[in-house]
Amino acid sequence: MAAVEVARTEGVGEGHRGEKLAKFVAAAPGRDYPPEIIAAAKGALVDFVGVTIGSFDEPAAKATRAVAEAWGVPGKAQIFGAGTTNAAMAALVNGTMAHCQDYDDTHIGGSGHIGAPVWSAALAVAGERGLDEKAALSGFITGFEVMAHLGTGGIRGVGRNLQQCGFHPTGVHGVVGAAAASAAMQGLDEEQSANALGAAATSASGFVASFGSDSKPYHAGRAAWNGILAADLAANGFTAAKGLFEREKGMLAALIQDNRAEIPNIDFDDGWELLNNGYKPFACCRATHASIAAAHKLTAQVKGRKVKRVTSKVHYNAPFSAGKTNPQSPLECKFSVAFCIAAALEGYSMVGTDFTEHMLRDPAVQAILPNVELLPQREQPQFEAYLDVWLEDGTHLQSETKLFLGHPQNPMSPEQVHAKFMSLVEPRLGAEKAERLLATLYRFDEPGALAETMALVRA
């Protein structure tokens, strides 16, 4: 694949990227947010809380929770479904839980899953320091914008190319987003914020090769943990390198060594990236969603008939993030476009409860799987897919997705958001308590909502 050269000249008003980030974080305590941004932050919180509670029994959730209980670190930050601990440990557990099912939010610009590391950090810091709803919302919005601006850029942007180089954007930039949230909530000045972001950046990592294992959700939890740690260190006089976010000799030069990414300018006046967040109707890698939606349109015509061949034109990054051809566990199935197409053609809804051994071993799905071929398209957006299905009797079926559900320009309806939340939370909390929690989250900007939320998610 030919490399796309990084833009080496600074754009108008680009200045030093690190300075812009630190100034934005330090200015957070006095910043006012428009109503639509507060509403968007609350929407992100609804999704975060839902997927976190819904993942209580996932293996990675159990493991991190067991470690937190064994370590017994005292603190005031709430672990969902358990006790309290310090902020970093609570964020580690909650952030990992939030990403366990790969059902959480996805920034459409390629920055990764922002809610898991940043909301887990913001809620944990608020709990530990006795801060209110306003501080938590401001911390989340600040962390979100920092993480999104670092990882965005569309088809040739930073996040997509990090994945092609083997790095998970959530692990790389999530730690910086979490540090930004924590620094903002602590009221760190510009110099301290720069040190917090630098300390976070030097601990950034997470490998695509971990997809399909418990390490992927751990990327989000560990990012939250390290982000809080970085901010705490900076608050206590720790100094960090200041050049890690620049175009030359920084973290991106180290991670994307062939210079293929187009690195956009950082401009916090160009609109809120929070409005570009997306939410998932399917509990699997976002790279599978467009193909799933196209396959669902053909389910009725395919069901019960023998499939000879399937091709799907997909975004060129799909094979890197969800290219498993022979998944061996329900978790690995979430990172296989081919498997998800086969399952969707057989009528599976692809929600969280579908990803079981039953679906993995379904003979009808397994019969289709070897016949699915992905055709990566360099210029095709991630939200599109074009499906061709040839049946054994000679029938040729076609389907397409022009804009998958959950994209900011094709959002899930309030009814769909409600159904997703209840499907995740009701089995754990019961219907009445789940509805009360949802109502509380939608009024999270009102006094007392944070305390009520923590009481409802407590064990």
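Residues numbered from 1 in each chain as written. Predicted model: local features only at pLDDT ≥ 70, side-chain atom pairs only at ≥ 80, totals over all residues. Heavy atoms only, no water.

Enquirer: Would you mind showing me how to read the overall build of the chain here?
Expert: A count of helices and strands for the chain gives 21 helices and 8 strands. For the chain, whose C-alpha radius of gyration is 21 Å, the value lies close to the compact-globule estimate of 23 Å for 459 residues. In terms of overall dimensions, the chain has C-alpha extents of about 70 × 55 × 40 Å along its principal axes. Scored against the burial criterion, the 459 residues of the chain give a buried share of 58%. Considering only residue pairs separated by 6 or more positions, the chain has 76% of its internal contacts joining residues 24 or more positions apart. (Helix = DSSP H or I, 4+ residues; strand = E, 2+ residues; numbered from the N terminus. Rg over C-alpha atoms; globule rule 2.2 N^0.38 Å. Buried < 20%, exposed > 50% of the residue type's maximum accessible area, 1.4 Å probe, protein only. Contact = heavy atoms within 4.5 Å.)

Enquirer: Please clarify how helix H9 (residues 190-201) should be interpreted in this entry.
Expert: Given 3.6 residues per helical turn, the α-helix brings residues three or four places apart onto the same face. The end-to-end C-alpha separation of H9 is 16 Å, in line with the 16 Å expected for 12 residues at 1.5 Å each. Most of H9 sits inside the fold, with 9 of its 12 residues counted as buried. Among all positions of H9, only Ser193, Ala194, Asn195, Ala196, Leu197, Gly198, Ala199, Ala200 and Ala201 are buried. Against the buried residues of H9 lie helix H1 (17-26), helix H8 (169-186), helix H10 (215-235) and helix H11 (251-255). Capping the start of H9, Asp189 holds a side-chain oxygen 3.2 Å from the backbone nitrogen of Glu191, two or three residues further along. (Expected span 1.5 Å × (residues − 1). Polar contact = N/O pair within 3.5 Å; in protein donor to acceptor, adjacent residues only side chain to side chain.)

Enquirer: Looking at this model, I keep getting lost on unusual backbone geometry. Mind explaining?
Expert: Leaving glycine aside, a negative phi is the common case for residues, and trans is the common case for peptide bonds. Unlike most non-glycine residues, Asp102 shows phi in positive territory, near 55°. Within the secondary structure layout, Asp102 lies in the loop between helix H4 (87-99) and strand E3 (106-107). Residues other than glycine seldom take positive phi values, yet Met350 does so here, at roughly 75°. Along the chain, Met350 falls in the loop between helix H16 (337-345) and helix H17 (357-361).

Enquirer: I would appreciate a short explanation of the packing of helix H5 (residues 115-129) against H10 in the present structure.
Expert: In a packed pair of helices, the relevant descriptors are the angle between the two axes and the axis-to-axis distance. Two elements in contact, H5 and H10, have axes whose closest approach is 8 Å; the angle formed by their N-to-C orientations is 45°. Considering the angle they form, H5 stands oblique to H10. As for the relative orientation of H5 and H10, their crossing is right-handed in sense. From H5, Ala116, Pro117, Ser120, Ala121, Ala124, Val125 and Arg129 reach across to H10, where they touch Ala220, Ala223, Ala224, Ile228 and Asp232. Of the residues that constitute the contact of H5 with H10, the class distribution is 9 nonpolar, 1 polar and 2 charged. (Axes fitted to C-alpha atoms, helices over the stretch in contact; angles between N-to-C directions. Parallel < 35°, antiparallel > 145°, perpendicular 65-115°, else oblique. Left-handed = near helix turned anticlockwise from the far one by under 90°. Nonpolar A, V, L, I, M, F, W, Y, C, P; charged D, E, K, R; others polar.)

Enquirer: Please clarify how the packing of helix H2 (residues 35-54) against helix H19 (residues 414-429) should be interpreted in this entry.
Expert: Closest axis-to-axis distance for the H2/H19 pair is 8 Å, and the angle between their directions is 35°. Remark: the crossing between H2 and H19 carries left-handed chirality. Contact residues: H2 offers Val46, Asp47, Val49, Gly50, Val51, Ile53 and Gly54, while H19 offers Val417, Lys420, Phe421, Leu424, Val425, Arg428 and Leu429. Per-class residue counts for the contact of H2 with H19 are 9 nonpolar, 2 polar and 3 charged.

Enquirer: Explain the side chain of Glu384 here, please?
Expert: Checked against the element boundaries, Glu384 lands in the loop between strand E6 (372-377) and strand E7 (385-391). No salt bridge forms around the buried Glu384; measuring N to O, its nearest opposite-charge neighbour Lys402 is 4.3 Å away. There is a polar contact of 2.7 Å between the side chain of Glu384 and the side chain of Tyr386. (Lys, Arg positive; Asp, Glu negative; His and termini not counted. Salt bridge = Lys/Arg side-chain N within 4 Å of Asp/Glu carboxyl O.)

Enquirer: Can you help me understand the packing of aromatic side chains in this one?
Expert: How two aromatic rings sit relative to each other is set out by the distance from centre to centre and by the angle between their planes. Scanning all chains against the criterion turns up 9 aromatic pairs. Geometrically, the ring pair formed by Trp119 and Phe140 is stacked, given 4.4 Å between the ring centres and 5° between the ring planes. Taken together, the residues span a long stretch of sequence, with Trp119 in helix H5 and Phe140 in helix H6 (residues 133-151) at a distance of 21 residues. On the basis of relative accessibility, which here comes to 0%, the residue Phe140 falls in the buried class. Pairwise contacts between aromatic rings join Trp119, Phe140, Phe144 and Phe444 into one cluster. Sitting over the face of the ring of Phe56, Arg428 holds its NZ or CZ atom 3.5 Å from the ring centroid. (Phe/Tyr/Trp six-rings, centres within 6.5 Å; stacked < 30°, edge-to-face > 60°. Lys NZ or Arg CZ within 6 Å of the ring centre and 35° of its normal.)

Enquirer: It is not clear to me how the nonpolar core should be interpreted in this structure. Could you clarify?
Expert: Where a protein is soluble and globular, its nonpolar side chains tend to be buried together. Val49, Trp119, Phe140, Val389 and Leu437 are the most contacted members of the largest nonpolar core, which totals 151 residues. At 11 residues, H2 tops the list of elements feeding residues into this core. Those residues in contact with Trp119, other than ones at most four positions away along the chain, are Ala41, Ala44, Leu45, Phe48, Ile114, Ala136, Leu137, Phe140 and Phe444. (Core = buried A, V, L, I, M, F, W, Y, C linked by side-chain atoms within 4.5 Å.)

Enquirer: Sorry if this is basic, but what is going on with the sheet that holds E6 here?
Expert: Strand pairing within a sheet occurs via backbone hydrogen bonds; the two strands may be parallel or antiparallel. Across the sheet, which stays open at both edges, the 4 strands sit in the order E6-E5-E7-E8 with mixed pairing between neighbours. Edge positions in the sheet fall to E6 and strand E8 (396-401), since each has one partner strand and no second. Ignoring strand direction, the axes of neighbouring strands in this sheet form an average angle of 15°. Each of strand E5 (307-315), E7 and E8 is contacted by helix H12 (residues 289-296), which is oriented at about 135° to E8, the strand it contacts most. (Pairing = 2+ DSSP bridges.)

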